[in-house]
Amino acid sequence: MKFHIVTIFPDFFRGPFEHGVIQKAREAGLIEIQVHDLRTWTYDRHRTVDDRPFGGGEGMLLKAAPIFEAVEALRPKRSEGVKVILLSAQGKKFDQAKAREFSQLEELLLICGRYEGVDERVAEHLAEEELSIGDYVLSGGELAAAVVVDAVARLKAGVLGNENSIVDESFSEEGLLDWPHYTRPAEFRGWKVPEVLIGGNHEEIRKWRRSAAREKTQRQRPDLLEGLRK
Ligand code: SAM
């Protein structure tokens, strides 16, 4: 799968994709991440990507023209397997279901906003979806793009060493949070690991994990259980 990221800060991505499973997946050719400098699609001496908002008000906006040209160069025609996403605090919430959906695509093109945001015509006429990673305002779309790439890439076959990791984790098909995990030592500062986990009875362990996952979901995210009841 190929990811394209359009940004005014290409160097931002030197860190996020150079560690762990994402780095390994890139080296193995399972995913490809291309970071594009939006200024490539500017033609003036100052390589201008922003301008003042019509109607006045604070700050600057990323202009529509370089973004349209970038997307048209990277994805010459619309296709089922390629999606264009605008990262935006005003977008629909990105979640694990969306990550699963995107992991089926051939290519994902992510547009990172900056300043006060992006000329609205990008959301209206270019991006297929406007997505937010949470109800808070970031200073740019780059962190959000890195979050989306990471969440989608790890769902691609072969990226994680153990394919079961994505079956039994938070927000998987069952819709619960993951169960609590413990490692050695069995007792740490007087806190003991639940007895059942060291007993070796796999059926008992399976039952404990199911109920512990439900309990933790109830405690931390009751809204997820509400969603399951509907
Ligand atoms: N004026 C905008 C608003 O109030 O919704 C905020 C613009 S923000 C300072 C600049 C850029 O950061 C946005 O264009 C977007 O690309 C990105 N951004 C900010 N918050 C985000 C979020 N929660 N999810 C995804 N992208 C976000």
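About the cut-offs
Residues numbered from 1 in each chain as written. Predicted model: local features only at pLDDT ≥ 70, side-chain atom pairs only at ≥ 80, totals over all residues. Heavy atoms only, no water. Patch = residues over 30% accessible without salt bridge, like charges linked within 9 Å, V, L, I, M, F, W, Y side chains within 5 Å. Areas by Shrake-Rupley, 256 points an atom, 1.4 Å probe, with all protein chains shown as cover. Salt bridge = Lys/Arg side-chain N within 4 Å of Asp/Glu carboxyl O. Helix = DSSP H or I, 4+ residues; strand = E, 2+ residues; numbered from the N terminus. Buried < 20%, exposed > 50% of the residue type's maximum accessible area, 1.4 Å probe, protein only. Near = heavy atom within 4 Å. Polar contact = N/O pair within 3.5 Å; in protein donor to acceptor, adjacent residues only side chain to side chain. Nonpolar A, V, L, I, M, F, W, Y, C, P; charged D, E, K, R; others polar. Phe/Tyr/Trp six-rings, centres within 6.5 Å; stacked < 30°, edge-to-face > 60°. Axes fitted to C-alpha atoms, helices over the stretch in contact; angles between N-to-C directions. Parallel < 35°, antiparallel > 145°, perpendicular 65-115°, else oblique. Contact = heavy atoms within 4.5 Å. Core = buried A, V, L, I, M, F, W, Y, C linked by side-chain atoms within 4.5 Å. Pairing = 2+ DSSP bridges. Right-handed = clockwise from strand over helix to strand, strands pointing away. Domains from an automatic or database assignment.

> So what's going on with a nonpolar patch on the surface? Residues and values would help.
A cluster of nonpolar residues, Phe9, Phe12, Tyr136, Leu138 and Leu143, forms a patch on the protein surface that exposes about 440 Å² of accessible area. Among the structural elements, phenylalanine 12 can be located in the loop between β1 (2-7) and α1 (20-27). In this structure phenylalanine 12 comes out as partly exposed when scored by relative accessible area, which is 31%.

> Pulling in residues and values, what's your account of the site of the ligand?
Close to the ligand lie 20 residues, the nearest being Leu87, Gln90, Gly113, Glu116 and Tyr136. Within the contact set of the ligand, an oxygen atom lies 2.6 Å away from a backbone nitrogen or oxygen of leucine 87. Burial of the ligand by the surrounding chains reaches 85%, relative to a free accessible area of 580 Å². Elements represented by at least two residues in the shell around the ligand include exactly β5 (82-93) and β7 (129-132). Counting residues per element, the shell around the ligand draws most heavily on β5, at four residues. Classifying every residue of the shell around the ligand gives nine nonpolar, nine polar and two charged.

> Provide a residue-level description of the packing of aromatic side chains, including the pertinent values.
Taken as a whole, this structure holds four aromatic pairs when the rule is applied. Ring centres of phenylalanine 13 and phenylalanine 17 lie 5.7 Å apart, and the angle between their planes is 10 degrees; this geometry places the pair in the stacked category. Its relative accessible area of 4% is what places phenylalanine 17 among the buried residues. Pairing phenylalanine 188 with tryptophan 191 gives two aromatic rings, centres 6.2 Å apart and planes at 45 degrees, and the pair type is tilted. We classify phenylalanine 188 as partly exposed; its relative accessible area is 44%. A network of ring pairs unites the aromatic residues Phe12, Phe13 and Phe17 as a single cluster.

> Provide a residue-level description of the packing of helix α7 (residues 202-220) against helix α8 (residues 222-229), including the pertinent values.
One way to put it is that α7 packs onto α8 with a least axis distance of 5 Å and a crossing angle of 110 degrees. Considered as vectors, α7 and α8 are oriented roughly perpendicular to each other. Residue-level inspection shows Arg214, Thr217, Gln218, Arg219 and Gln220 of α7 in contact with α8, the latter providing Pro222, Leu224, Leu225, Leu228 and Arg229. Among the residues making up the contact of α7 with α8, the classes are represented as four nonpolar, three polar and three charged.

> Please give an account of the nonpolar core that cites residues and values.
Core analysis: the largest hydrophobic core is formed by 29 residues, its most contacted members being Phe3, Ile5, Phe102, Leu108, Leu110 and Val152. Every element with two or more residues in this core is listed here: β1, α1, β5, α3 (96-102), β6 (107-111) and α5 (142-153). Residue contributions to this core peak at eight residues, all from α5. Not counting residues up to four positions away in its chain, the partners in contact with valine 152 are Met1, Phe3, Phe94, Ala99, Phe102, Ser103 and Leu108. Core analysis: the second largest hydrophobic core is formed by 21 residues, Val6, Trp41, Val84 and Val122 among them.

> Hey, could you go over the pairing of strand β2 (residues 32-37) for me, with residue numbers and the actual values?
Note that β1 and β2 share six bridges and pair parallel. Across the sheet, the residue bridging to isoleucine 5 is valine 35, located in β2. At this point the chain moves from β1, through α1, to the parallel β2, and the crossover so formed is right-handed.

> Explain the side chain of histidine 36 to me, and be specific about the residues and the numbers.
For histidine 36, the position within the fold is in strand β2. When sequence neighbours within four positions are dropped, the list of residues in contact with histidine 36 reads His4, Ile5, Val6, Thr7, Trp41 and Leu74.

> Please provide a residue-by-residue account of the domain arrangement of the chain, values included.
For the chain, the assigned domains are domain 1 (2-153) and domain 2 (167-229). Domain 1 and domain 2 are separated by 36 Å when their C-alpha centres are compared.

> Describe the pairing of β5, and please don't skip the residues or the numbers.
Sheet topology note: the β5/β6 ladder contains five bridges and is parallel. Among the inter-strand pairings, valine 82 is bridged to a residue of β6, identified as glutamate 107. Regarding topology, α3 serves as the crossover connection from β5 to the parallel β6, and that connection is right-handed. Alignment of β5 against β7, held across five bridges, turns out to be parallel. Residue pairing for β7: isoleucine 85 is matched across the bridge by glutamate 129.

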